[in-house]
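Next come the chains, spelled out residue by residue.
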Amino acid sequence: MAIPVSTATNTWIAAEVLRDAFIHSLQGEEDLPIEDEAHKSSNEPIFVAKFLGFLSRNIDSLSPSHLTVLSSTLEHFTSYLAATNIHTLAISFDSDTRKTFLTNYFAALALLEAQSGDVPRASPSALFEAATQGKAGIYALFGGQGTNEVYFDELQSLYDIYKPYVQDLISAISDLVLIPAAEKATDEGFNYYAYGLDVLSWLQGRTPVPPLDYLASVPISFPLIGLTQLVQYLVTARVSGLEPSDLRALIAGATGHSQGIVSAIAISASTTLASFTANISKAVKWLFYSGLRGQDAFPVVSLDPKIVNDAVEGGEGTPTPMLAISGLDRKQLEKHIDATNKHLPGNSKLSISLNNGTKNFVITGPAKALFGLVVALRKIRAPSGADQSKVPFSQRKVVFSMRFLVVGVPYHSEYLNGATDKVITDLGGELWTPDELAVPVYHTEDGKTHDSVDLFLLAYLLLKSNRFRSS
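Throughout what follows, the structure given in this document is the object of discussion.

Rules and cut-offs
- Residues numbered from 1 in each chain as written.
- Predicted model: local features only at pLDDT ≥ 70, side-chain atom pairs only at ≥ 80, totals over all residues.
- Heavy atoms only, no water.
- Helix = DSSP H or I, 4+ residues; strand = E, 2+ residues; numbered from the N terminus.
- Buried < 20%, exposed > 50% of the residue type's maximum accessible area, 1.4 Å probe, protein only.
- Contact = heavy atoms within 4.5 Å.
- Lys, Arg positive; Asp, Glu negative; His and termini not counted.
- Charge placed at Lys NZ, Arg CZ, Asp CG, Glu CD.
- Pairing = 2+ DSSP bridges.
- Axes fitted to C-alpha atoms, helices over the stretch in contact; angles between N-to-C directions.
- Core = buried A, V, L, I, M, F, W, Y, C linked by side-chain atoms within 4.5 Å.
- 1 Å grid on protein atoms, 1.4 Å probe; cavity = no way out; pocket = protein on both sides within 12 Å on 5 of 7 lines; lining within 4 Å.
- Points joined across faces, edges and corners; volume = space filled by probe spheres on them.
- Nonpolar A, V, L, I, M, F, W, Y, C, P; charged D, E, K, R; others polar.

A count of helices and strands for the protein chain gives 19 helices and six strands. Each principal axis of the C-alpha distribution contributes one length, and for the protein chain these read about 90 × 60 × 45 Å. Among the 471 residues that make up the protein chain, the fraction classed as buried is 48%. Expressed as a percentage of contacts within the protein chain between residues at least 6 apart in sequence, the contacts between residues at least 24 apart total 72%. Each charge sign in the protein chain was given a centre, from 36 positive and 48 negative side chains, and these centres are 13 Å apart.

Pairing is antiparallel across the open sheet formed by four strands, whose spatial order is 4-5-3-6. In this open sheet, the two edge strands, each paired with only one partner strand, are strand 4 (351-357) and strand 6 (401-404). On average, adjacent strands in this sheet sit at an angle of 20° to one another, irrespective of strand direction. Relative to strand 4, helix 16 (residues 330-341) is tilted by about 165°, and along the sheet it contacts strand 3 (322-326), strand 4 and strand 5 (360-364). Running over the sheet, helix 17 (residues 367-378) touches strand 3, strand 5 and strand 6 and is turned about 160° from strand 6.

This part covers the nonpolar core. Judged by nonpolar contacts, the single largest core of 116 residues is most densely connected at Phe77 and Tyr193. Among the elements that line this core, the one with the most residues is helix 11 (residues 218-238), at twelve residues. If near-sequence neighbours (up to four positions away) are discounted, Tyr193 is found in contact with Ala182, Ala185, Thr186, Tyr214, Pro219, Ile220, Phe288 and Leu292. The next biggest cluster of nonpolar side chains, apart from the first, holds 21 residues, and it includes Leu333, Ile337, Ile352 and Val374.

Another aspect to go through is the pairing of strand 4. Of all seven residues that make up strand 4, five are buried, and the element is covered over most of its length. Here strand 4 pairs with strand 5 via five bridges, running antiparallel. When the sheet's bridge partners are listed, Gly357 is paired in strand 5 with Asn360. Hairpin remark: strand 4 followed by strand 5, antiparallel, with two residues in the connecting loop.

It is worth spelling out the layout of surface pockets at this point. Approximately 890 Å³ is the volume found for the largest pocket. Taken together, 31 residues line the largest pocket, and the ones lying closest to its centre are Val300, Pro319, Thr320, Val407 and Gly408. Among the elements that take part in the lining of the largest pocket, helix 10 (residues 212-216) stands out by supplying four residues, more than any other. Along the lines of polarity and charge, the residues of the lining of the largest pocket split into 21 nonpolar, seven polar and three charged. What the second largest pocket holds in volume is close to 580 Å³. Taken together, 21 residues line the second largest pocket, and the ones lying closest to its centre are Ser123, Pro124, Ser125, Val239 and Ser240. Broken down by secondary-structure element, the contributors of at least two residues to the lining of the second largest pocket are helix 4 (86-90), helix 5 (95-115) and helix 6 (126-132). Element by element, the count of residues in the lining of the second largest pocket is highest for helix 6, at four residues.

Take a look at the structure:
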């Protein structure tokens, strides 16, 4: 395999020295490129990416000859991307190879970007090109609390692969927002932050990653899911050679489910990388206090192990204050909720807080009370996989599913009404104004844009009942 480089004396010598050092570093490794044609197409890019990674770690970034070698190697590598992009090329590799492959490429690309304005690049995104020409519309949609148990794995992967692009941002958010906020809350008597919130130290391995139940708890997951979403947005921009303002210009609109609306607002208000960092700081602070005050208003309560085991064995999962039900119509559901509420005290009533479709609902209330609803609904639910083809239609049981969401606070319910004013006080008026939004941010209930309402009310979206209209 040959990589063309300049014949200028200094560059040629630097290339030979770096080549020999790279070969020496490979002694004992088994994944050297295979020369037969059957494996050449997949092995060559992996091998050249490994050389790129070696160069990114070992060259003198102030040496013009070293930078020329890096640029020549990167230009050669882009020949593999003539009809595809780096992520599509990597998708066929096993997970470990794919991660190393991407890490090596982006480490080299970021180093050259930082030192030179002339950077070899693959063809631009076809989707972005179509959006530029008005042939496609791109909308940014951010999710809510459904990823409590897996978001940190995503953040770790983003950090490992795209470290040159995201490390400074994560460091700033950790040092300026998360660590001080967690320490302040602890000093005020809250006991939710036993492992702190030094996210960068977890990602770097300087301190152990906390247990899953800690990461999944609302006071921790609320801000960190938002951080993960916005880091992903930054990665999308930077790997495409774009600034946040460039990517924003390609987006026709944004929205978010539940806490995701905060991320949508943050990207809409961001122009430069500095303003993007400032808006992420504001968004993560917003989410930190929403998680803190939400959990404070609705403390975690221990359940009888028999109830937990029953729910887990029944396929609904560990009981929480939010229960998702899919496949049951609203009229039937409300009938059973009303029947259950007759046996509950006034401070434990159940209600439908989210209507995400004609037969897709989220019911909120104390976990034990929701378990009672589950027990009642099991009686009318068809067993999983049951064949009812020979049962008269009027006698068939309903096919629907139930599962407890991994969320320890009943957001979008009246249980949190008292927490909203505390969040506003915590934020100290640090919200966004309508004129900061360059991209329309759509309300998930009525489709109206947030630039037509007082953004001061955003703090109420998560903490007050947010019943979506059926469609």
